[in-house]
Amino acid sequence: MSDKSEYWRANIRLVIGCLIVWFIVSYGCGILLAPALNSIHILGGYPLGFWFAQQGSIYTFVVLIFFYAWRMNQLDRKFGVQED
Amino acid sequence: MSLQLMTYLVVGATFALYIFIAIKAKAATTGEFYVAGKGVHPVLNGMATGADWMSAASFISMAGLIAFKGYDASVFLMGWTGGYCLLAMLLAPYLRKYGKFTVPEFIGDRYYSNIARVVAVICLITASLTYVIGQMKGIGVAFSRFLELPFEMGLLVGMIIVFIYAVMGGMKGVTYTQIAQYCVLIFAYTVPAIFISLHLTGTAIPQLGLGAHMGGDANNMFLLDKLDKTLVDLGFHEYTLQKGNTLNIFLYTLSLMIGTAGLPHVITRFFTVPKVKDARSSVGWSLVFIAILYTTAPAVGAMARLNLMETIHPTSGDQAGQWLKYEERPSWFKNWEKTGLLKFEDKNGDGRIQYVGKGNKEFKNEMVKVDRDIMVLANPEIAKLPNWVIALVAAGGIAAALSTAAGLLLAISSSISHDLLKGIIAPNMTDKGELLASRIAMAGSICVAGYFGLHPPGFAAQVVALAFGLAASSIFPALMMGIFVKRINNIGAVLGMLSGLGITLVYIFWFKGWFFVPGTAMAPNNAAHWFLGIAPEAFGAVGAMVNFAVAYVVSGITPAPPEHIQHLVEDIRVPGVVRR
C-alpha cells in the first residue's frame, strides 16, 4: 500500500469524524433531542434545543469547515501531496 | 427628504457601483468568462458565494417564515447552512482539483458518457431556470413597492443591469459585483435588526438579544418566554416548540442540505479560486458570511412577530389588553393594506382588530391575510426607523435578487455554450467563438428569465421543491460517488440519476399536479395524504438514497470503469500532481 492510499484513508477518517459532529449538532441536538434539551436554558432565555436548531448548529458548521480545512492542509504536507 | 427620493438615491448609487465594476472587470477569455481566470481570493470568493447563495427568498421571505412558523422554520436555517459542510468535505476541493469549467463537464468526463453530461445539463437548466424566475419576480416586487414604478418597468431595469455586467464580465464581472452586493445586502439586513434588538432588549447584538430579557431588565420576562406566552394566550402554537412531524422535519432538513451542496451555481463558485486548499477554506468563509445573515434572521423573525402582536394586542401601557381600533391603525399597516399583502375583515363588527389563532374560542381571526414577505420589508417602518434605513432595505433586497439571478444565469449559459455547444455539438470551436457563444447564451438566458418573470408560469411558487429536489436527487449523488466510489461506472451513474430524479419528480407531481398543471394532482397536498407524512419538498433526500442504491447495485453487475477513469479519480483525490 502506497502513501497515497494511506493519505486517502486518513482523509476519510477525518471526514467521518467531522460529519458525526455535523449530525449530532443538527439532527441530534437540533431535532431528535430538541424537546428533551429545551428544559435547559442557555445564554439567557434560549431553550437549548431551540438554540441548537436556530443558532448553535450554524456556528458549529462554520467551526467544522475551518477545522477540516486546517487538518487537511496538515495531512497534505505530512504525505507530501500539497500543490507546488 | 422624502422616502421615495431617498430610495431612488440609494438604489441608484448601488446600480452605478455595479456598472462601474462591470466596466473594470471585462472577461477576455473563456477561462475568465467561466471561472474568473481562477484568480479569486478565497475570502472574496466567500463573500461572492454569500451573495450568490442568499436570494430574494433568504433576504425577504426567510425571517417572515421564521416569524410565523417558529421552531419548525429551523429546517431552513439548518438545511441551507449545513449543506456547506457537505460541500467543503465531499465536493468542492476535488472538483476544484479537476479544474474544468462546469459541473456537467465533470459528470460527463468521470462517467465517460455524453448521456450523463446531457442529463446533468437538463437538471442544471431546470433547477436554475425555475430558481431565477423567483429572483426576477423579487426584483419586480422590490421596485414596485419602494420606487412605485410599474412591475414590468422594475423587471426591465433589473434585466438591463444584469445584462451589462454578466454579458460583459462573465464570471469575472459577476464575482466582483457579487462582492459589492454582499456588502450592501448584509448592511441592509443587520442595521434594522440591531435597532430592533436594542429597542426591545437593550442588546445591540440580535443573536444575544433573542435570548435576553425584555427591555434588558432582569426583572422582566425573557423575550422568547414572553413571545411563547403572548402567542399561547391568543390561541396560537408555542413559538419555540415543534409542531410538525419529526420524520418530515428530519428529511426536509436533509433534502435542503444535500440540495444546497448539489446546486451547480454554488459549486461553480469554488472553481474560481487558485488552489485546492483555497477551495476548502473558501467554503468556510462563504458560510461565515452566510451565517451572519442566517443567525440574525431568527432574531428578526421573533422580534417582528412580537412587535406585530404587541401592536394589535398590547400587553402593557394604557391600552393593555385592548384590541387595536381599526381607525387607529399605524401608517405602515395602511401602506401594506394597499398592496393586498395585509388584509383585515371586521367579522364581529366591533371596529377593533382581533388577531387570534385556531386555539382561541372567544374570537374569530380577523387578520385574514398577513403575508410573511412583509415582515422584513415592514420591519423598519414598524420599529419607526429613519428613512435612510428603509431605503437601504430596498437596495439590499434588490442586491440579493440581482446577485443570485446573475449566478444562476451564468450557470445556465455556461452549460449551454460549454457543455452542449463546445462539448457535444461543435467540439472544434475556437476559444474566441466559444466566448462569443457564451455571451449570446447569457443574453438569451436573461431574455427567457425576463419573459418568465413577466408571465410567471403557475408553478413559480413551487420552485423551491423542484430546484432542491433535482439537485439533491440527481446532481449531488452523481458528484459524490464520482469522487468517493471508483467502481461506479457510466451505466450505474446514468440509471442512478434517472431513478433518483424520477422518483422525486413523481412524488412532487403526485401532490402538486403533473408538471404543475392545476387539477392534475393525484392526491391532496397535505400531511394526511403524504407518504409517512413526508412533504414533497422533503422528498429529495429519499430520491438521493434511491440514486445511491441504484448506481451502486447496477455498477456492481456491469463492467468496471476503464483504467484511465480510475486514474482520473485517483488524481482528483490528491491536491498536488500525481506521479506514477
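The structure presented is a predicted model; accordingly, all values stated were derived computationally and were not measured. (Residues numbered from 1 in each chain as written. Chains lettered and ligands numbered in written order. Predicted model: local features only at pLDDT ≥ 70, side-chain atom pairs only at ≥ 80, totals over all residues.)

**Considerations on the overall build of chain A**
Applicable threshold: Runs of H or I in DSSP of at least four residues are treated as helices and runs of E of at least two as strands, each being numbered from the N terminus. Each radius of gyration reported is based on C-alpha atoms, and the globular scaling rule is 2.2 Å times the count of residues to the power 0.38. As a rule, residues whose C-beta atom has 12 or fewer other C-beta atoms within 10 Å are exposed, those with 20 or more are buried, and those in between are partly exposed; C-beta atoms are placed from the backbone.
For chain A, the helix and strand inventory stands at 3 helices and 2 strands. The order of α-helices and β-strands along chain A, N terminus first, is α-α-β-β-α. Its C-alpha atoms give chain A a radius of gyration of 17 Å, clearly above 12 Å, the size a compact globule of 84 residues would have. In terms of overall dimensions, chain A has C-alpha extents of about 50 × 25 × 15 Å along its principal axes. The proportion of buried residues among the 84 residues of chain A is 40%.

**Some thoughts on the overall build of chain B**
Formally: We call two residues in contact whenever the C-beta atoms placed from their backbones are within 7 Å.
A tally of regular secondary structure across chain B gives 21 helices and 2 strands. Taken over C-alpha atoms, the radius of gyration comes to 25 Å for chain B, in line with the 25 Å a tight globule of 580 residues would show. The dimensions of chain B, computed from C-alpha atoms along their principal axes, are 80 × 55 × 50 Å. Here chain B holds 580 residues, and the buried ones make up 57% of them. Expressed as a percentage of contacts within chain B between residues at least 6 apart in sequence, the contacts between residues at least 24 apart total 81%.

**Looking at the packing of helix α1 (residues 3–24) of chain B against helix α16 (residues 387–425) of chain B**
Residue and element names in this part refer to chain B. The line we're drawing: Working convention: axes come from line fits to C-alpha atoms, limited for helices to the stretch in contact. Angles between N-to-C directions cover 0 to 180 degrees. The cut-offs work like this: below 35 degrees is roughly parallel, past 145 is roughly antiparallel, 65 to 115 is roughly perpendicular, and the gaps in between are oblique. Crossings are classed by handedness, with left-handed meaning an anticlockwise turn of the near helix from the far one by less than a right angle and right-handed meaning a clockwise turn.
Across the interface, α1 lies against α16 with an axial gap of 8 Å and an inter-helix angle of 40°. For the element pair α1 / α16, the angle class is oblique. Between α1 and α16 the crossing geometry is right-handed. Across the interface between the two elements, L3, M6, T7, V10, V11 and T14 from α1 touch N387, W388, I390, A391, L392, A394, A395, I398 and A399 from α16.

**Comments concerning the domain arrangement of chain B**
Residue and element names in this part refer to chain B. As a reminder, the rule being used: As used throughout, domain bounds are those supplied by an automatic or database domain assignment. Lys, Arg, Asp and Glu make up the charged group, whereas Ala, Val, Leu, Ile, Met, Phe, Trp, Tyr, Cys and Pro make up the nonpolar group; the residues left over, Gly among them, are polar.
When its domains are assigned, chain B resolves into domain 1 (3–307 + 385–573) and domain 2 (308–382). Contacts between domain 1 and domain 2 engage 26 residues on the former and 22 residues on the latter. Secondary-structure elements contributing two or more residues to the side of domain 1 that touches domain 2 are α4 (56–69), α8 (151–201), α13 (276–312) and α16. No other element matches α4, which puts 8 residues into the side of domain 1 that touches domain 2. Residues belonging to the side of domain 1 that touches domain 2 are distributed by class as follows: 17 nonpolar, 7 polar and 2 charged.

**Overview of the packing of helix α6 (residues 103–110) of chain B against helix α7 (residues 114–146) of chain B**
All names here are of chain B. Two elements in contact, α6 and α7, have axes separated by 7 Å at closest approach and are oriented at 155°. For the element pair α6 / α7, the angle class is roughly antiparallel. For the pair α6 and α7, the crossing hand works out as right-handed. Listed contacts from α7 to V103, P104, I107 and G108 of α6 are N114, A116, R117, A120, V121 and L124.

**Let's talk about the interface of chain B and chain A**
Interface size is often expressed as the accessible area that is lost when the parts come together. The partner chain A presents 38 residues to the 42 residues of chain B that form the contact. Those elements that place two or more of their residues in the side of chain B that touches chain A are α5 (74–98), α9 (206–209), α10 (223–233), α11 (246–262) and α13 of chain B. For the side of chain B that touches chain A, the element with the most residues is α13(B), which contributes 12 residues. Of the residues in the side of chain B that touches chain A, the class split is 23 nonpolar, 14 polar and 5 charged.

**Concerning the nonpolar core**
Where we set the bar: We define the nonpolar core as any set of buried residues of the types Ala, Val, Leu, Ile, Met, Phe, Trp, Tyr and Cys, connected via C-beta atoms lying within 7 Å of each other.
Residues I65(A), A120(B), V162(B), L185(B), A302(B), A395(B) and L409(B) are the most contacted members of the largest nonpolar core, which totals 221 residues. Of the residues forming this core, the biggest block, 20 residues, is contributed by α8(B). For this core, the two domains that each supply at least three residues are domain 1 (3–307 + 385–573) and domain 2 (308–382) of chain B. Not counting chain neighbours up to four residues away, the residues in contact with L185(B) comprise A51(B), M54(B), F59(B), G396(B), A399(B) and A400(B).

**Re unusual backbone geometry**
Excluding glycine, residues mostly carry a negative phi; peptide bonds, for their part, are mostly trans. Residue and element names in this part refer to chain B. Positive phi is not limited to glycine here, since K38 has a value of about 50°. Relative to the helices and strands, K38 resides in the loop between α2 (30–35) and α3 (42–53). Not every positive phi belongs to a glycine, and Y112 is a case in point at roughly 30°. Position of Y112 relative to the elements: it lies in the loop between α6 and α7. Taking the C-beta count within 10 Å as the criterion, Y112 has 16 such neighbours and is therefore assigned partly exposed.

**A closer look at the confidence of the model for chain A**
Any region with low pLDDT has predicted coordinates that should not be read closely. Operational definition: The predictor attaches a confidence to each residue, called pLDDT, with possible values from 0 through 100.
In this model, chain A carries an average pLDDT of 92, and 98% of its residues clear a pLDDT of 70 or more. The element-level mean pLDDT for chain A is lowest in strand β1 (residues 41–42) of chain A, coming to 89, with helix α3 (residues 48–78) of chain A highest at 95.

**A closer look at α7(B)**
Residues and elements named next belong to chain B. Here is the rule: Helix span, expected: 1.5 Å multiplied by one less than the number of residues in the helix.
Between its first and last C-alpha atoms α7 spans 47 Å; for 33 residues at 1.5 Å apiece the expected length is 48 Å, and the two agree. Burial within α7 is extensive, with 27 of its 33 residues counted as buried. One or two residues past the end of α7 sits E148, with phi positive at roughly 50°.

**So, the confidence of the model for chain B**
Averaged over every residue, the pLDDT of chain B is 88; residues scoring 70 or more account for 98%. This prediction of the complex comes with two scores: 0.92 for pTM and 0.96 for ipTM.

**Concerning the environment of A142(B)**
All names here are of chain B. In this structure, A142 sits in helix α7. Through-space distance from the C-alpha of A142 to that of T30 is 34 Å; in sequence the pair is 112 residues apart. With near-sequence residues (within four places) excluded, A142 lies in contact with A394, G397, I398 and A401.

**Overview of α1(B)**
Residues and elements named next belong to chain B. This is how it is decided: Arc definition: it is the arc formed by the directions from the helix axis to the C-beta atoms.
Across its 22 residues, α1 extends 32 Å between first and last C-alpha, which sits within 8% of the 32 Å expected from 1.5 Å per residue. When α1 is considered as a whole, its buried residues turn out to be T7, V10, V11, T14, Y18, I21 and A22. Around the axis of α1, the buried residues are gathered within 120° of arc, so they sit on the same side. Away from its buried face by more than 90 degrees, α1 exposes L5, G12, A13, A16, I23 and K24.

**What about the environment of Y27(A)?**
Within the element layout of this structure, Y27(A) appears in helix α1 (residues 3–32). Under the C-beta neighbour-count criterion, Y27(A) is labelled buried, with 20 such atoms within 10 Å. Put simply, Y27(A) and F52(A) are 25 residues apart on the chain and 9.6 Å apart in space, counted from C-alpha to C-alpha. If we skip the residues at most four places from it in the chain, Y27(A) touches L32(A) and F250(B).

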